[in-house]
Amino acid sequence: MNKRLAPACPQNKPVAANNKPAGGRHWPARHHKRAAATVAALAVLVSMLSTATANSVVEAAVVPPPPAPAPTTRGVTCNTTPAADLGSCISRMLTDPNGAYSPEHVHTAAEKEPVRATRQAAAAATAGSWSVVADCTVNNYKVNPIHASMTKSGKVLMTAGSGNSRTFFEQKVFKTWLWDPTTPGTCPHEIPMPAGIDLFCSGHSHLPDGRVLFFGGTGRYAGGGLYYTGIRESYAFDEATGTFTSTGLMSVARWYPNGPVNAVGNPVVVSGLDANGKVTATNELYNATTGAWSKLPGSRIFPLYAGMVLRKNGTLCYFGANMGGRAGAVPGCWNWATNAYYPIPGLVYPDCRDQAATLLLHPAQAQKVMIIGGGCGAGTTGTTATVDMNAASHKFTTGPYLGFAAMHSCATILPDRSAFVAGGADHNTKPRLQAARLPAGATAWEQLASPTVPRMYHSSCMLLKDGSVLTMGTTAPPGDLVETRFEIYKPWYLQAGVTRPTITNLAPTLKLGGTYGVDFTGPASVTGASLQRLTSVTHASDPNQRSVEIPVVATTTWTRKHLTIEPNRGILPPGMYLLSLRDWRNIPSKSLVVRIVENTPAASAGSPSAAIPCCCC
């Protein structure tokens with residue numbers, strides 16, 4: 001049996017009252033003594049070995065980290081820093097030469113060493129496979145996809161701006177590219193960016209018509225006692241013209257903001273460092289119909305790249321994921337139209353969710369949200385926690401352990417309805433070459449085939465139209481801080497010998513609540529369908545990711561079905577989606593990009609329902 005030391009962080013499930021870790025695994029006697037010493041001294045952490053079935057990964061569990069200084073290899077950490085000081089702390093963290101995130105940091109051999117998965121005794125049909133499809137330098141510039149968004153055609157917009165380079169920022173060298181997955185071995189072509197505007201560390205969301213709205217970016221790099229600052233500019237990228245068009249100025253500058261859409265598809269923009277390098281408490285709305293920005297009532301601080309999800313009643317809920325630190329925010333649901341807030345208790349290790357993943361599990365109608373992994377000054381965690389937003393009262397419950405501890409992991413929903421997580425690292429060191437899948441309704445993660453390319457800080461992943469997952473990016477060692485290889489994961493349904501249904505006819509525009517015919521071919525009857533919102537992701541954050549189940553009704557023709565589109569725009573906000581069919585074997589088709597539009601006139605602001613009880617707003 002392989003053994004490894006537990007990192008100094010809450011990696012596994014909480015320990016049960018019977019002195020066994022959750023799941024019934026036993027503590028060795030020598031670890032009882034070490035754990036008691038830890039509680040008494042509040043100085044060290046203990047490790048334990050958990051036994052599992054043969055061919056499983058041997059995992060380690062530890063008690064919560066004590067309030068001790070962070071290891072010097074990680075430098076400055078900001079997970080518990082107050083909001084007033086978060087901007088200055090993050091600026092120090094990203095420039096501290098002792099820290100993993102600084103370009104000046106000299107990484108040790110141990111920090112560069114990848115952490116690989118123990119080989120699974122699993123058939124390729126379930127484990128899937130990985131392949132590097134391209135290694136791209138365009139016009140002598142390494143392709144650095146820090147921000148990634150799918151366009152209406154299914155291509156991938158990859159945006160770097162200055163790409164974490166002070167030199168490029170000072171020289172005003174800002175880059176973005178467009179990549180076509182149908183020719184994966186061909187590197188992307190460059191797209192001109194707005195003159196003099198750095199969209200590095202901006203926020204971005206799809207507008208209802210499929211354009212990608214970028215808001216904020218970098219106004220100044222930190223150094224010499226100065227902090228990172230944001231910008232007020234916003235731009236929309238239109239694939240039809242291949243251009244960025246100005247969409248006006250926000251009320252405040254923002255660096256690392258986020259923009260979950262409301263129930264009519266308009267981005268609600270929160271957080272970010274302002275022009276003084278402080279976390280802003282001003283939140284605002286972009287109206288895609290009028291093109292206007294407007295401040296929201298009151299003030300409320302959310303963390304940078306806050307992990308948020310639109311709830312079916314129109315409120316926005318924050319589940320604890322952040323970049324750098326919580327800024328004092330607690331998980332809860334927010335009525336952005338009134339500024340009322342309802343906390344959600346029970347998140348395990350709330351101060352260890354730096355760049356955790358937030359997923360609205362399939363189906364979106366079930367309103368079950370999971371937070372996965374994350375980091376803090378003491379290390380990383382592989383714990384998960386879920387909230388059932390359909391329950392009478394909202395609280396976190398402990399979810400299944402991921403199988404590995406990491407931050408920076410990418411996460412998405414596959415068209416077979418399963419959750420997928422891959423990659424990540426211990427801050428910006430020791431990449432996790434691991435991946436896992438949680439089938440719909442399952443209570444345990446399945447360990448999958450291992451990726452081969454490290455994905456750490458500034459990495460992301462994207463579900464493609466064929467149902468594969470593209471992983472990309474990383475500004476980390478070895479080399480000169482830019483990972484230029486694109487790697488694709490092919491799930492079980494893309495393996496050799498699997499025959500899939502094929503959509504042959506479907507309307508490109510679907511109304512909320514409408515019924516539409518879809519034609520298909522394939523070896524088995526279609527029994528299900530789903531709509532998944534196009535990805536727009538950065539820093540492990542895509543607040544608009546959702547997979548909505550679409551009922552399928554048989555017709556008198558075997559190769560034709562009727563689809564009834566979800567009527568609730570809080571579950572299915574207008575915008576662009578990937579639609580796929582599933583046959584009775586749970587094998588999904590390739591997806592088509594469709595547009596979801598209103599069936600009836602909607603309120604221009606898409607406000608939460610006035611009928612929401614104040615206890616739940």
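Anything mentioned here points back to the structure above.
The following paragraphs examine the structure supplied in this document.

Side chains Ala 435 and Arg 437 of strand β29 (residues 435–438) all project onto a buried face; the interleaved residues Ala 436 and Leu 438 project onto the opposite face, where all are buried too. Bridge analysis of strand β27 (residues 419–422) against β29 gives four bridges, and the strand direction is antiparallel. The residue bridging Ala 419 from the neighbouring strand is Leu 438, located in β29. Pairing geometry for β29 and strand β30 (residues 446–447), over two bridges, is antiparallel. Counterpart to Ala 436 in the pairing with β30 is Gln 447.

A separate point is the packing of aromatic side chains. Applying the stated criterion to the full structure yields 23 aromatic pairs. A centroid spacing of 6.5 Å and a plane angle of 50° characterise the contact between Phe 169 and Phe 174, whose relative ring orientation is tilted. Accessibility assignment for this pair places Phe 169 and Phe 174 in one class, buried. On the basis of an interplanar angle of 50° and a centroid distance of 5.1 Å, the ring pair of Phe 237 and Phe 244 is categorised as tilted. In this structure Phe 237 comes out as buried when scored by relative accessible area, which is 2%. Three or more aromatic residues joined by ring pairs make a cluster, and in this case those are Phe 169, Phe 174, Phe 200, Tyr 221, Tyr 228, Trp 255, Tyr 256 and Tyr 305.

The subject of this paragraph is the state of the cysteines. A complete count under the given rule lists four disulfides for this structure. Covalent S-S linkage joins Cys 78 and Cys 89, the inter-sulfur distance amounting to 2.1 Å. As the torsion about the S-S bond is roughly -95°, the Cys 78-Cys 89 disulfide counts as left-handed. Taken together, the residues span a long stretch of sequence, with Cys 78 in the loop between β2 (59–61) and α2 (83–95) and Cys 89 in helix α2 at a distance of eleven residues. Classification of Cys 78 as buried rests on a relative accessible area of 2%. Owing to a relative accessible area of 2%, Cys 89 belongs among the buried residues under this scheme. The disulfide bridge from Cys 136 ends at Cys 187, spanning 2.1 Å between sulfur atoms. Residues Cys 136 and Cys 187 are joined through a disulfide that is left-handed, its torsion about the S-S bond being -95°. You can see Cys 136 sitting in the loop between β4 (129–135) and β5 (137–138) and its partner Cys 187 sitting in the loop between β9 (175–179) and β10 (189–190), a full 51 residues away along the chain. On the basis of relative accessible area, Cys 136 is assigned to the buried category, the value being 0%.

Reading guide: rules and limits
- Residues numbered from 1 in each chain as written.
- Predicted model: local features only at pLDDT ≥ 70, side-chain atom pairs only at ≥ 80, totals over all residues.
- Heavy atoms only, no water.
- Buried < 20%, exposed > 50% of the residue type's maximum accessible area, 1.4 Å probe, protein only.
- Helix = DSSP H or I, 4+ residues; strand = E, 2+ residues; numbered from the N terminus.
- Pairing = 2+ DSSP bridges.
- Phe/Tyr/Trp six-rings, centres within 6.5 Å; stacked < 30°, edge-to-face > 60°.
- Disulfide = S-S within 2.5 Å.

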